[in-house]
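Below, each chain spelled out in residue letters.
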Amino acid sequence: MHELPSLPYKYSDLEPHFDEETMRLHHTKHHQTYIDKLNAALQAYPDLAAKDIFSLMKDLNGVPEDIRTAVRNHGGGHLNHLLWWEWLSPTPGAPGEQTIGALDQAFGSVEEFKKQFTAAALARFGSGWTWLVKTDGGLKIESTANQDTPISEGKMVIFGVDVWEHAYYLKYQNRRADYLAALWNVVNWQKLEQSLGASVAK
Ligand code: MN
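Definitions and limits used
Residues numbered from 1 in each chain as written. Predicted model: local features only at pLDDT ≥ 70, side-chain atom pairs only at ≥ 80, totals over all residues. Heavy atoms only, no water. Donors = N, O, S within 2.8 Å, 3.2 Å for Na, K, Ca; no water. Helix = DSSP H or I, 4+ residues; strand = E, 2+ residues; numbered from the N terminus. Buried < 20%, exposed > 50% of the residue type's maximum accessible area, 1.4 Å probe, protein only. Expected span 1.5 Å × (residues − 1). Bend = angle between axes of the 7 residues up to and from the residue. Contact = heavy atoms within 4.5 Å. Axes fitted to C-alpha atoms, helices over the stretch in contact; angles between N-to-C directions. Left-handed = near helix turned anticlockwise from the far one by under 90°. Nonpolar A, V, L, I, M, F, W, Y, C, P; charged D, E, K, R; others polar. Pairing = 2+ DSSP bridges.

**Section: the coordination of the manganese ion**
Alright, step 1. Donor atoms from the polypeptide that bind the manganese ion are H26 (NE2), H81 (NE2), D162 (OD) and H166 (NE2), placed at 1.9 to 2.1 Å.
Alright, step 2. Between the donor residues of the manganese ion, the gaps in sequence give the motif H-x54-H-x80-D-x3-H. In this pair, H26 is assigned in helix α1 (residues 20–42) and H166 in the loop between β3 (156–162) and α7 (169–172), connecting sequence segments 140 residues apart.
Alright, step 3. H26 gets classed as buried once you look at its relative accessible area, which sits at 1%.
Alright, step 4. The class of H166 is buried, set by a relative accessible area of 18%.

Here it is in structure tokens:
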């Protein structure tokens, strides 16, 4: 059974950038619902239910057709949100050496990365996510619809942003641009540094 992880910070800790009520609802209702529906879908398949969420999402073709869409949507929702909470921090710090180097190489500068990432997140029509992924060709910005995750395409996700309205509507209403501007105040740069370090070590 998949379970809701507890957060390493309080719901109110990302104020005023991300508000307490959104954080609480997003975690206890939205994320929990993905987990509940994923567990329900996996009930008839104990072997699949025993897999960790990364392994499960990396091999969607290995999931029986009758539950594949449910696993894609709710398993994706679970995995994406697991990562999302880790990418946020009340003590964001600054980009680390490895992060600066990698972003400079791929985008020219950290500021240029932020600009392109924000533009991609604004351009994501409807609900979905925008990602910083590591591929054989280096770091790239990508976008997916719904709860699809680049991990299902064998890519390594370094960072991402949830642009479903449930992630920002209470505080920012329709102003996705304001939500994306606020994001940079709560990015857990240390986590990105660790992920880039791990990807280099591989
Ligand atoms: Mn969400």
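Having put the structure on the table, let's press on.
**Structural notes on α1**
Alright, step 1. Helix length check: α1, at 23 residues, gives a terminal C-alpha distance of 32 Å against a target of 33 Å (1.5 Å per residue), a fit within 8%.
Alright, step 2. By the largest-angle criterion, H26 marks the main kink of α1, which is about 35°.
Alright, step 3. Listed in full, the buried residues belonging to α1 are T22, M23, H26, H27, H31, Y34, I35, L38, N39, A41 and L42.
Alright, step 4. Check the buried side of α1 and you find it contacts α2 (46–49), α3 (53–58), α4 (65–86), β3 and α7.

**Some points on the packing of α1 against α4**
Alright, step 1. Running from N to C, α1 and α4 point in directions that differ by 145°, and their axes come no closer than 8 Å. Viewed along their axes, α1 and α4 form a crossing whose handedness is left-handed. Residues M23, H26, H27, H31, Y34, I35, K37, L38, A41 and L42 of α1 touch α4, and the partners they reach there are I67, A70, V71, N73, H74, G75, G77, H78, H81, L82, W84 and W85.
Alright, step 2. The residue makeup of the contact of α1 with α4, split by class, is 12 nonpolar, nine polar and one charged.

**Section: the pairing of β3**
Looking along a regular strand, one sees the side chains alternate between the two faces of the sheet.
Alright, step 1. Within β3, six of the seven residues are buried, leaving the element largely enclosed by the surrounding structure.
Alright, step 2. One ladder, built from six bridges, connects strand β1 (residues 128–135) with β3; its direction is antiparallel. Following the sheet pairing, V133 is matched in β3 by V157.

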